Every structure is written in C-alpha cells, then in structure tokens.
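An overview of the molecular structure
For reference, the chains in residue letters:
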Amino acid sequence: MVEVAVSVKRTVRVLLSIALLAATSAVWANEVRIKQIARVAGVRENPLTGYGLVFGLSGSGDSMRNRATLQSVANTLRNFGVNVTEDELASRNVAAVIVTAKLPAFAEPGQLLDVQVSSAGDARSLTGGTLMLTPLYGPDDRLYAIAQGAISVGGYQFEGLTASVQKNHPTVGWIPSGATVEQGSPLGVAGDGRSLSILLNHPDFTNATRVANAIRAGIPNVEVRAEHAGKVTVSYPVQPISLVAEIARLENLTIQQQRMARVVVNERTGTVVAGGDVRLGPVSISHGDLKVEISTEFAVSQPNGVLLRPSPNIASVVVPSTRIGVEEEQAPLVSVKEGATVAELITALRAIHLSTRDVIAVLQSIKAAGALDGELVIQ
C-alpha cells in the first residue's frame, strides 16, 4: 500500500508539472520583447536611388530605340577619352538600369549594402551583366553610397527564331554587398537626450498601454506616458550616461501582446490566411449549384411526293428543335458552432468539395452576416 501511495503521489506530481509547463508555455508563446513590435523614434532605414549602366550583356540589352541609353553610353565612353556619337553605337550589350538600396540607421562609411538593379529600357535580360560605378543618392540629393559589381539574376530568357523560354524576371537582379557607404546615415535617435519615444509598428491602444506599464515596472524613476495608440514617451529625470544602454534595457522588456483578429484573403492567388484567435459565431452555410444545359438541333422539312409545277409557297424548311435540361444539385449544409476557428470552417468547407474561390465567397458572406469575430482584409 505504501508503494502504491508513493507511486500515485509521483504520478500526481508529474501531471502537475506537465500542466504547469503547458500553462507557462502558453503564456510565453504570447510574450514578445518591445524591440519586436516597436522601434525608437528616429531609427529607420533610408532609401537610396541611382541611375547606371550594365555592360557585358550578350545581345539582350537595350535596343537603338532607347536614345537615353545611347546617350549615356556615349557620355561614359567620353569620360574615358573615347569620343563617339550616338549614331555610331549599335550594340545591344548595354542596358540602362535603376539601382536601389536601403541605408540602415547608424550606417558608417565603408559599410557594405545589398543593391537591386532593375532595367529601365527594353532590355530582355540582365544575365551575365556587370554594373558600372553608380552613385546612389538619398531623398536630400546627397551622395551616400557607390554601387558596382556583377549582377545575380534569378531567372533566364532564351530566344530562337520562332520560340522563346523565360523563367522568373530576368530584367531584375541583385548585387550582394554591391554598394559601399560613403557618408553616414543622417538620422539618429530623436530627442534631446533626456527623453525618447517608442513607436509601435502596428498602433494599438492596448499594446501601447502594456508597453508603458512594462517600462514603469522595469525601469523605475522614469516618467512614462502613452501619447496615443502608436507612441509611448519615456522621460528621464537626468540625462543618462549611456543612452545606448538605456535603449537596450527598454527594447528587451517583454509584454503580453494582444494580436489583431484578422483574416487576410488574396483573391488573385486564392490564398486565405487567418490568425489562430479569429473565432466564428453560430452560422449555417448552404452551398449548391444549378446547371442549365440548352441544346438546339436543326432538321429539314420537305413536302411529300413529287410535285409538278409547285406553288412558290411550297419549299424545304429548316426547323430548329431546342431541348432544355435543368439539373439542380442538392445543397449541402454546413453548421459551425460558436467559438469555432476559421481553420475548422475551411476544413468543413473542403469536406463538401468547395474550391478556394468558393471559400473566399463564403468568408465574405459570413463577415456580412456578422458571424466573423475579426477583421476581413481583401487584397
């Protein structure tokens, strides 16, 4: 009896431990650090843009119709001491491109950036090309980086006399680490050194309040105020010795994030993505098809016997015969209990052989009926 009692106690302890771990995991699953849902005001990327030329294409570059490309090639060769005119250029081994990149916050000279190269003319492919030295400018028209290098294209295009084969988009390519920063990022942490702002990536009043409460609990002696759904202001009594260390403390605090109940539908691709916390009210769905088939046959009606000198009103007549068939399938009925998820609904709809397009139409109707406890986003 003693061994049985000890065994029962151990079993109970194991079950309690498993339940405690499951509850803890459920809580941790919804915990996020502030850095994952927000950023410090002033810390952001900056777009860079430039115009350049890609050389070394195997006859897949811009045609002679692109006068801008011919002029750019002539100007480039002129910088190397080669004097040619636009009319003397007839090669399709060059393409005019637009080069884009993103300058990260706190970037310093010498840092390498990835760049994207996109054709600006009628080039068929950038495969095998090399981007010549291209300056990249910011929105303030100042030079921040210089790009150059071999282009990596995730596609191809081959043409023959009567056929062509293409994969993906060969007129867009990447140059990994293809740009070098020449001037540091002009933006930094916004504020006077004694205060800073936390900006939520997706404004939400509940999450903003929870961020403010987490900062008050984690960093005492600071004034925290949630300005609105997307901004929390933190003010220090005296200027911190290390603002970087303070920001690191802030962004590593955790909160219980309240996620948006949202269903995203892409009608072009037939994709339906729903969050796990999207629930449905009690709803019944009926779906059926009505098929109508109309067929017409034509027969020739001729007078009987042999007629001598027949009347002009006697002649062969084409007589149409139309048949209409109506077939109405029995409409299957799907009932969903209150609290069911969108995943359970889609599984039930798939069971009655509904296509993705029909599922999207059903979701739209459920939202219109007020049985979808969440936001429906149509892309």
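Above this text you will find the structure in question.
In this text, all values refer to a predicted model and were calculated from it rather than measured experimentally.

**A few points about the overall build of the chain**
For the chain, the count of helices and strands is seven helices and 23 strands. Across the 379 residues that make up the chain, the buried fraction comes to 30%.

**Examining the sheet that holds strand E13 (residues 231-235)**
An order of E2-E11-E13-E12 is seen for the four strands of this open sheet, with the pairing classed as antiparallel. The sheet is open, and its two edges are formed by strand E2 (38-40) and strand E12 (223-228), each paired on a single side. On average, each strand axis in the sheet is inclined to that of its neighbour by 25 degrees, with strand direction left out of account. Relative to E13, E12 is paired through five bridges, and the arrangement is antiparallel. Following the sheet pairing, Ala 226 is matched in E13 by Val 232. The sheet strands contacting helix H4 (residues 205-218) are strand E11 (195-200), E12 and E13, and the helix crosses E12 at an angle near 175 degrees.

**Some remarks on the sheet that holds strand E16 (residues 271-274)**
Pairing within the open sheet is mixed, and its three strands lie in the order E16-E15-E23. Two strands lie at the open edges of the sheet, namely E16 and strand E23 (375-378), each paired on one side alone. Taken pair by pair, the neighbouring strands of this sheet meet at an average axis angle of 15 degrees, ignoring direction. Where strand E15 (residues 262-266) meets E23, four bridges bridge the pair, whose relative direction is parallel. Paired with Val 264 across the bridge in E23 is Val 377. Along the sheet face, helix H7 (residues 356-368) touches E15, E16 and E23 and points at about 140 degrees away from the line of E23.

**Things to note about the pairing of E11**
Note that E2 and E11 share three bridges and pair antiparallel. Bridging across to E11, Arg 39 finds its partner in Leu 199. Relative to E13, E11 is paired through five bridges, and the arrangement is antiparallel. For Leu 196, the partnering residue across the bridge sits in E13 and is Val 234.

**So, the pattern of salt bridges**
The final tally for this structure, using the stated rule, is six salt bridges. Notably, a salt bridge pairs Arg 225 with Glu 223, separated by 3.4 Å at the nearest N-O pair. Look at Glu 223 and you get partly exposed, because its relative accessible area is 48%. Salt bridges sharing common partners tie together Glu 223, Arg 225 and Glu 227.

**Description of H4**
The first and last C-alpha atoms of H4 sit 20 Å apart over 14 residues, in line with the 20 Å expected at 1.5 Å per residue. The backbone nitrogen of Thr 206 has a side-chain oxygen 3.0 Å away, supplied by the residue at the start of H4, namely Asp 204.

**Considerations on the side chain of Asp 62**
Position of Asp 62 relative to the elements: it lies in the loop between strand E3 (46-55) and helix H3 (67-79). As a buried residue without a salt bridge, Asp 62 has its nearest oppositely charged side chain in Arg 92, at a separation of 6.0 Å. Setting aside its immediate chain neighbours within four residues, Asp 62 contacts Thr 69, Ser 91, Arg 92, Val 94, Ala 95, Ala 96, Ser 119, Gly 121, Asp 122 and Ala 123.

**Remarks on the environment of Thr 49**
The residue Thr 49 is located in strand E3 in this model. Take Thr 49: its relative accessible area is 41%, and that puts it in the partly exposed class. C-alpha separation for the pair Thr 49 and Thr 134, spaced 85 residues apart in sequence, amounts to 9.6 Å. Other than its neighbours up to four places away in sequence, Thr 49 contacts Ile 98, Val 99, Thr 100, Pro 135, Leu 136 and Tyr 137.

**Re the nonpolar core**
Grouped together as the largest cluster of nonpolar side chains are 24 residues, with contacts concentrated most on Leu 48, Val 99, Val 115, Val 117, Leu 131 and Leu 136. Only E3, strand E4 (95-103), strand E5 (112-119), strand E6 (130-137), strand E7 (143-150) and strand E10 (172-181) provide two or more residues apiece to this core. If we skip the residues at most four places from it in the chain, Leu 136 touches Leu 48, Thr 49, Gly 50, Val 99, Ala 101, Val 115, Arg 142, Leu 143, Tyr 144, Ala 145, Ala 147 and Ala 179. Listed in part, the 23 residues of the second largest apolar core include Leu 196, Leu 200, Ile 219 and Ile 247.

About the criteria used
The residue numbers shown here count from 1 along each chain, following its written sequence. Local features are withheld for residues below a pLDDT of 70 in this predicted model, meaning they are given only at 70 or higher, and side-chain atom pairs are given and counted only at 80 or more; totals for whole chains, interfaces and linings count all residues. Excluded from the side-chain calculation are hydrogens and water; included are all heavy atoms of the structure. In this text, helices come from DSSP runs of H or I with a minimum length of four residues, and strands from runs of E with a minimum of two, each type numbered from the N-terminal end. Relative accessibility decides the category of a residue: with a 1.4 Å probe and only protein chains considered, values under 20% of the type maximum give buried, values over 50% give exposed, and everything between is partly exposed. In this scheme, strands are said to pair when DSSP sees at least two bridges between them. Axes, fitted as lines to C-alpha atoms, cover a helix only where it is in contact. Angles between the N-to-C directions of the axes lie from 0 to 180 degrees. Contacts were defined at the residue level, with two residues in contact if any of their heavy atoms lie within 4.5 Å. Whenever a carboxyl oxygen of Asp or Glu lies within 4 Å of a side-chain nitrogen of Lys or Arg, that contact is scored as a salt bridge. In a helix, the anticipated span is given by 1.5 Å times the number of residues less one. N or O atoms closer than or at 3.5 Å make up a polar contact, with two conditions inside protein: a donor-capable atom paired with an acceptor-capable one, and, for residues adjacent in sequence, both atoms drawn from side chains. Asp and Glu count as negative and Lys and Arg as positive, but His and the ends of the chain are not part of the count. Residues belong to a common nonpolar core when they are buried Ala, Val, Leu, Ile, Met, Phe, Trp, Tyr or Cys residues joined through side-chain atoms within 4.5 Å.

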